[in-house]
Amino acid sequence: MSRHNFKIVLLGEVTKGRVGKTSLTLRFVKNSFDDHQQSTIQATYLQKELRIGDKTVTISVWDTAGQERFHALGPIYYRNADGALLVYDVTDHDTFIRAKNWVKELRKVVGDDITITIAGNKSDMKNRQVSDEEVAEYAKSVGAVHLHTSAKANRNVDEAFLDLTKRILEKKSSAPSRTELLGKQNSGIIIDNTERRVTRTESRMYGKNGGISVADEPKTTQEQKQCCG
Amino acid sequence: MSAPEDNQKCTILIPPDNQVQLVLDTFSTPKVKQFVRGHILKESPLFLGQFVTEDGKHVREEFSIRSNKQALFSKNNQDDVSKIRHLEVIRGFAESLTVTVIHATTFYSANFNSYNIWHIDKCLHERHQEIESNAKKDESGQGDKAKMHPETVGEYKLYLKQFDENLYNLVQRHVQGFNNSYLLINGYHNQAVQKIVELYEQILSSQQYITSSQLSEDELTLKLSINSILIDGIFFKFHPFWLRSFQTLDDELLHRMDALNQKSMGDFGVPTLFQADQTLAHHILLILPHVNTPIEKLRIISKVIRQISETSSEQGTLTSDELVPILAYVVVQSKCPHLVSDCELVSKLQIPELDNTEYGFSLVSLQGALQVIQEECPELIIQPTTPTNIKASDMKSPNQVEPETLYRALTMPESHFKLNHNRSVHHSVSDESVEEMILKRKSMSSQVIRMFDEKSEIHESDLL
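Here is what the cut-offs are and how they apply
- Residues numbered from 1 in each chain as written.
- Chains lettered and ligands numbered in written order.
- Predicted model: local features only at pLDDT ≥ 70, side-chain atom pairs only at ≥ 80, totals over all residues.
- Heavy atoms only, no water.
- Helix = DSSP H or I, 4+ residues; strand = E, 2+ residues; numbered from the N terminus.
- Contact = heavy atoms within 4.5 Å.
- Buried < 20%, exposed > 50% of the residue type's maximum accessible area, 1.4 Å probe, protein only.
- Areas by Shrake-Rupley, 256 points an atom, 1.4 Å probe, with all protein chains shown as cover.
- Pairing = 2+ DSSP bridges.
- Salt bridge = Lys/Arg side-chain N within 4 Å of Asp/Glu carboxyl O.
- Phe/Tyr/Trp six-rings, centres within 6.5 Å; stacked < 30°, edge-to-face > 60°.
- Axes fitted to C-alpha atoms, helices over the stretch in contact; angles between N-to-C directions.
- Parallel < 35°, antiparallel > 145°, perpendicular 65-115°, else oblique.
- Nonpolar A, V, L, I, M, F, W, Y, C, P; charged D, E, K, R; others polar.
- Expected span 1.5 Å × (residues − 1).
- Core = buried A, V, L, I, M, F, W, Y, C linked by side-chain atoms within 4.5 Å.
- pLDDT = per-residue confidence, 0-100.

Caption draft 1: Highlighting the overall build of chain A. From N to C terminus, chain A includes eight helices and seven strands. Nonlocal contacts in chain A, meaning residues at least 24 apart in sequence, comprise 73% of its contacts between residues at least 6 apart.

Caption draft 2: Structural detail: the overall build of chain B. Looking only at helices and strands, chain B features 18 helices and seven strands. When burial is assessed residue by residue, chain B has 56% of its 464 residues classed as buried. Expressed as a percentage of contacts within chain B between residues at least 6 apart in sequence, the contacts between residues at least 24 apart total 72%. As presented, chain B carries roughly 20,100 Å² of accessible surface, and 48% of it is formed by carbon and sulfur atoms.

Caption draft 3: Looking closely at the pairing of strand β1 (residues 2-12) of chain A. All names here are of chain A. When you tally the buried positions in β1, you get eight out of 11 residues, the bulk of the element. Here β1 runs beside strand β4 (residues 55-63); their pairing, made up of nine bridges, is parallel. Note on β4: the bridge partner recorded for Ser2 is Lys55. Across five bridges, β1 lies against strand β5 (residues 83-89) in parallel orientation. Opposite Ile8, over in β5, you have Gly83 as the bridge partner.

Caption draft 4: Structural context of unusual backbone geometry. Even without being a glycine, Asn80(A) presents a positive backbone phi close to 65°. Tracing the sequence through the fold places Asn80(A) in the loop between α2 (74-78) and β5.

Caption draft 5: How the structure looks around the pattern of salt bridges. On inspection of all chains with the given rule, the structure shows 19 salt bridges over all chains. For Glu62(B), the salt bridge identified is with Arg60(B), shortest N-O distance 3.4 Å. The class of Glu62(B) is partly exposed, set by a relative accessible area of 33%. For Arg256(B), the salt bridge is made with Glu252(B), and the minimal N-O distance between the two is 3.5 Å. Linking Arg256(B) with Glu252(B), this pair stays in helix α9 (residues 247-260), spanning four residues, or about one helical turn. For Arg256(B), a relative accessible area of 6% translates into the label buried. Linked by salt bridges that have partners in common, Lys21(A), Asp63(A) and Asp321(B) make up one network.

Caption draft 6: Layout of the packing of aromatic side chains. Scanning all chains against the criterion turns up 14 aromatic pairs over all chains. Ring centres of Tyr45(A) and Trp62(A) lie 6.4 Å apart, and the angle between their planes is 65°; on these two criteria the pair is classed as edge-to-face. Taken as a pair, Tyr45(A) in strand β3 (residues 45-52) and Trp62(A) in strand β4 lie far apart in primary sequence, 17 residues in all. Each member of the pair, Tyr45(A) as well as Trp62(A), carries the same accessibility label: buried. Taking 6.1 Å as the distance between ring centres and 50° as the angle between the ring planes, the aromatic pair formed by Phe238(B) and Phe241(B) counts as tilted. With Phe238(B) and Phe241(B) both in helix α8 (residues 217-245) and three residues apart, the pair spans about one turn of that helix. A relative accessible area of 1% places Phe238(B) in the buried class. Following the ring pairs from residue to residue traces out a cluster consisting of Tyr45(A), Trp62(A), Tyr77(A) and Phe361(B).

Caption draft 7: Examining the environment of Gly12(A) more closely. All names here are of chain A. Among the secondary structure elements, Gly12 is positioned in strand β1. For Gly12, a relative accessible area of 0% translates into the label buried. In the structure, Gly12 is positioned 77 residues away from Asp89 in sequence and 8.7 Å away in space, judged by C-alpha atoms. With sequence-adjacent residues up to four places away left out, Gly12 is seen in contact with Val19, Lys21, Gly66, Val87 and Trp102.

Caption draft 8: View of the packing of helix α11 (residues 294-312) of chain B against helix α14 (residues 358-376) of chain B. Residues and elements named next belong to chain B. One way to put it is that α11 packs onto α14 with a least axis distance of 9 Å and a crossing angle of 75°. Considering their axes alone, α11 and α14 lie roughly perpendicular with respect to each other. Two secondary-structure elements touch here, α11 through Ile295, Leu298, Arg299, Ile301, Ser302, Ile305 and Arg306 and α14 through Glu358, Tyr359, Ser362, Leu363, Ser365 and Leu366. Residues of the contact of α11 with α14, tallied by class, amount to seven nonpolar, three polar and three charged.

Caption draft 9: Looking closely at helix α5 (residues 157-173) of chain A. In this model α5(A) runs 25 Å from its N-terminal to its C-terminal C-alpha over 17 residues, within 8% of the 24 Å that 1.5 Å per residue would give. For α5(A), the complete set of buried residues consists of Val157(A), Ala160(A), Phe161(A), Leu164(A), Thr165(A), Arg167(A), Ile168(A) and Leu169(A).

Caption draft 10: α9(B), seen in detail. Residue and element names in this part refer to chain B. With 14 residues, α9 extends 20 Å between its outermost C-alpha atoms, agreeing within 8% with the 20 Å of an ideal straight helix rising 1.5 Å per residue. What α9 keeps buried is the set Gln247, Asp250, Asp251, Leu253, Arg256, Met257 and Leu260. As for α9, its buried residues are in contact with α8, α12 (320-334), α13 (339-349) and α14.

Caption draft 11: Representation of the nonpolar core within the structure. Ranked by internal contacts, the top residues of the largest apolar core, which has 111 residues, are Leu86(A), Leu106(A), Phe238(B) and Leu339(B). Residue contributions to this core peak at 11 residues, all from α8(B). Phe6(A), Leu10(A), Val19(A) and Leu24(A) belong to the second largest nonpolar core, which has 24 residues in total.

Caption draft 12: Quick look at the confidence of the model for chain B. Residues and elements named next belong to chain B. Of all residues in chain B, 67% attain a pLDDT of 70 or more, and the chain-wide mean is 74. For the stretch residues 68-79, pLDDT sits under 50, and the model shows six contacts to residues farther than four places along the chain or on other chains. Note that residues 445-457 has pLDDT below 50 and, in this model, 28 contacts with residues that lie over four places away or in other chains. Prediction confidence for the complex, expressed as pTM and ipTM, is 0.62 and 0.74 respectively.

Below you can see the structure in the form of structure tokens.
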């Protein structure tokens, strides 16, 4: 059985009112409480172990400071993130606009390798301001998955996290080779272990802002071996 | 320490690091003094080859012959055997005991009186060897905290020595190589980091225990051991250089802390609900400059955040939107020095496996808090400062151990002796302020870590 550790960042507008990102995470962790669950620093850092097929996955959910005044802190939270759960409030269109801005920022900082799920929370409420068509079209255009969730009614909460985890797993197992990547002139951390893998040590030394371009210089297999999983 | 000044030849015995650390950590000052006196030998006035310790016990010097494993490859027959020096206790000890001298070096005092320093394989007194017997218990399955969950550098050293002494020696050789031959040039701190990372990866590539990227708990501990021993070993050389590199930023942060010191939690944007007393958190944060290695620093930062969370837990669910400003307030109140350089040191030299763990999150939260402080006080103009003069007085230890000279010799890195030995120069132990600071840090760090040793300790098992 293989083991994986994924970092998922949790993003959601809090300036005008809470979109429910913390409730969503606590609902996910609380409902699945068992011996494997480790709730550590309140709702700021949560860790949970999942079993998907023959794989054991530990997901670390990092709550990010979502207030506008903490906007500049974003990149330090996103660095090395495998996935992002963007939460907006279906009853507040502005929160969806903010979520779209976060997608842009995530792509800018982490590149295309981050897997994104957009969660329209408070779906149990009636006065929706964000249409299904609008959000579905947007999610498709940015390669994200959209789900309607309700922490209060416990609707689609587990599904949101599980789907995100599954897609991260799929992405890691089917990541393009270095040749393909260079052909596309892409950037970001390559997460497969086939030909070239930028170690976190390298990213630490050379990639100050977290966005990493693949260097042309080939590395030895020994170097690949030392990269963490 | 008066021994080298009188005309009688003196020999100072240096037991293994972990046993010295045990004594410094466990025993009060009189016992430490007794320990020190028991490891100073003076030649017996009556018998050649015999010594008397300062506390009046007698030991005898003996030699044994050992075949050299490299004999088959040696062209010189004299290399086929080597002479091993032992010390056998004769009088004044409760039990018979023989210790082996691993390494011997002659030093000279300021008055050019010679004295010897011998590294021995264990303490000369049985009661100071309990850490070894505990470790043996663990091998037999009875469990031992030091082996299962090492936390301090001394414990990591013990862990690695027991795990594979050759690997431990390899790390020490890399430490020695860096300290003796690597030149640190101001302005090239990234290159220095790159070199340290290279050394770490060279050591990893030399071992056969970690072959998969999916680490078990033991493998993670092994990596942490290598990383901690390496960085602790080079610390006395690297850290002053690192502080100089970040001096301006550290000074700027301190000025900002001064400017913001009168602000309340509310001024930092902390909701009234979460405005609790965080005195303990900022006291814990003040330990940060007194530990050397990334993992020790990460443990302190995590403890600060846990403390904040515990204090606020009764008020409501704490999220990062509250944590970051509370942490900024705690940082300002603590006026903790060198936070910028410490955060950089940890983020660059911690093992990558910790990036996505609670430790990684804690570090990022602290970095976020520093950024908030900067934004709260962006208009502050900082005057250029002169290079840092690091003095021992900056790092006052509350429990200074006497006699100082020998204490310094006892805690001095092994590579330091070899450097002097190779160059055949006399060694002065009285005028190196930086070295003195490092030694005091060492004594403080082991004490303060234990002060905050709590139930909520994070172990490697939590990270996997």
